[in-house]
Amino acid sequence: MGPIALTVLIVVVVALLIAARMSIRIVRQFEQGVLFRLGRVVGVRLPGFRLIIPVVDRLPLVSLRIVTMPIQSQGIITQDNVSVDVSAVAYYRVVDAVKSVVAIENVAAAIDQIAQTTLRKVVGRHTLDQTLSETERINRDIRQILDVLTIEWGVEVTLVELKDIQLPESMKRAMARQAEAEREKRAKIIAAEGEAISAAALGEASDTMMAHPLALQLRNLQSLVEIGVDKNTTVVFPAPLMSTIGELSAFLARENQAASSTDGRAPVKAA
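Residues numbered from 1 in each chain as written. Predicted model: local features only at pLDDT ≥ 70, side-chain atom pairs only at ≥ 80, totals over all residues. Heavy atoms only, no water.

For the protein chain, an unreviewed UniProt entry supplies the name Slipin family protein and the organism Sinomonas terrae.

Before going further, it helps to examine the packing of aromatic side chains. Scanning the entire structure with this criterion turns up zero aromatic pairs. Over the ring of Phe 36 we find Arg 58; its NZ or CZ atom is 5.0 Å from the centre of that ring. Directly above the aromatic system of Phe 30 lies the positively charged group of Arg 65, at a separation of 3.8 Å from the ring centroid. (Phe/Tyr/Trp six-rings, centres within 6.5 Å; stacked < 30°, edge-to-face > 60°. Lys NZ or Arg CZ within 6 Å of the ring centre and 35° of its normal.)

Another point: helix α5 (residues 135-150). The terminal C-alpha atoms of α5, which comprises 16 residues, lie 22 Å apart, in line with the 22 Å expected from a rise of 1.5 Å per residue. Where α5 is concerned, the buried positions are Ile 138, Asn 139, Asp 141, Ile 142, Leu 146 and Thr 150. Buried residues of α5, seen end-on, are gathered within an arc of 165° and therefore sit on one face of the element. Across from the buried face of α5, at angles greater than 90 degrees, the exposed residues are Glu 136 and Val 148. Considering only its buried residues, α5 is in contact with α3 (107-124), α4 (128-133) and β9 (155-166). (Helix = DSSP H or I, 4+ residues; strand = E, 2+ residues; numbered from the N terminus. Expected span 1.5 Å × (residues − 1). Buried < 20%, exposed > 50% of the residue type's maximum accessible area, 1.4 Å probe, protein only. Arc of directions from axis to C-beta. Contact = heavy atoms within 4.5 Å.)

Sheet analysis places strand β7 (residues 67-77) next to strand β8 (residues 83-94), joined by nine bridges and oriented antiparallel. Paired with Gly 75 across the two strands is Asp 85, which belongs to β8. From the end of β7 to the start of β8, which pair antiparallel, there are five residues, and Asn 81 there has a positive phi angle of about 65°. (Pairing = 2+ DSSP bridges.)

Right, let's talk about unusual backbone geometry for a bit. Phi is positive for Leu 38, close to 55°, though the residue is something other than glycine. For Leu 38, the location among the structural elements is in the loop between β2 (31-37) and β3 (40-45). Positive phi, normally seen in glycine, also occurs at Val 55, with a value near 70°. Mapped onto the secondary structure, Val 55 falls in the loop between β4 (48-51) and β5 (57-58). Take Val 55: its relative accessible area is 77%, and that puts it in the exposed class.

Attention now moves to the sheet that holds β8. The strand order across the open sheet built from three strands is β7-β8-β9, with neighbouring strands paired in antiparallel fashion. Looking at the sheet topology across the chains shown, the edges are occupied by β7 and β9. Looking at each pair of strands side by side, their axes are set apart by 25° on average, direction ignored. Bridging between β8 and β9 involves 10 bridges; their strand directions are antiparallel. Residue Asp 85 lies in a different strand from β9, and its bridge partner there is Gln 166. Sheet strands in contact with α3 are β7, β8 and β9, and its direction is about 35° off that of β7. (Axes fitted to C-alpha atoms, helices over the stretch in contact; angles between N-to-C directions.)

Next up, the structure:
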């Protein structure tokens, strides 16, 4: 074999190796391949070992995994004219590999832009209080709008969540004052309810004491015990207690008189 024939053989072998390398495609488990033959879509290639015709065929691979896409913070004016900065995060996945390649040039960039405009539009239809308290409904509205737009691109938006809502400093101070006033209102209402319950209980107690005078005397003695605990130098006796002491003295005088009349002894003066 001459030098020319050897050179030709080497070139042919190298060309065959290059052609073989270009013909082999490995489609991974989470991917699908869209096969183009002479510029036309022939079909979808599932995961595994695949062969294509070099130069004639092209097999771009499309990932079917869920993609996490952060939505940049957007300056939004709410329905009640409050300026807020809202950021979110969206999750989407490709459900039709052919549409995601044929219908749109860059599906990730397209979803990013449409998500930003949709976020601005949906939040702008709500007041500040609704934006802070109805995040679940806002998330659902954004996802539904994105689903309608992206289904033509072979993409499904699975979840949208508002991530952060930044308020102006003046609005934060106003909301703090509002929250403080709300707490003070609840505290006053609770105190008033307690006073009402206490007054009702005192009314019932006074009715009981009017029906049972001895209960009032027992309460006076209990008050005296409570005063004595503090070791005060001055003790103030309630007026009913003084009358009780007088009645007790008269009772002791009668008892002494009765005892003296029985025993014949001189009566003992009550203190």
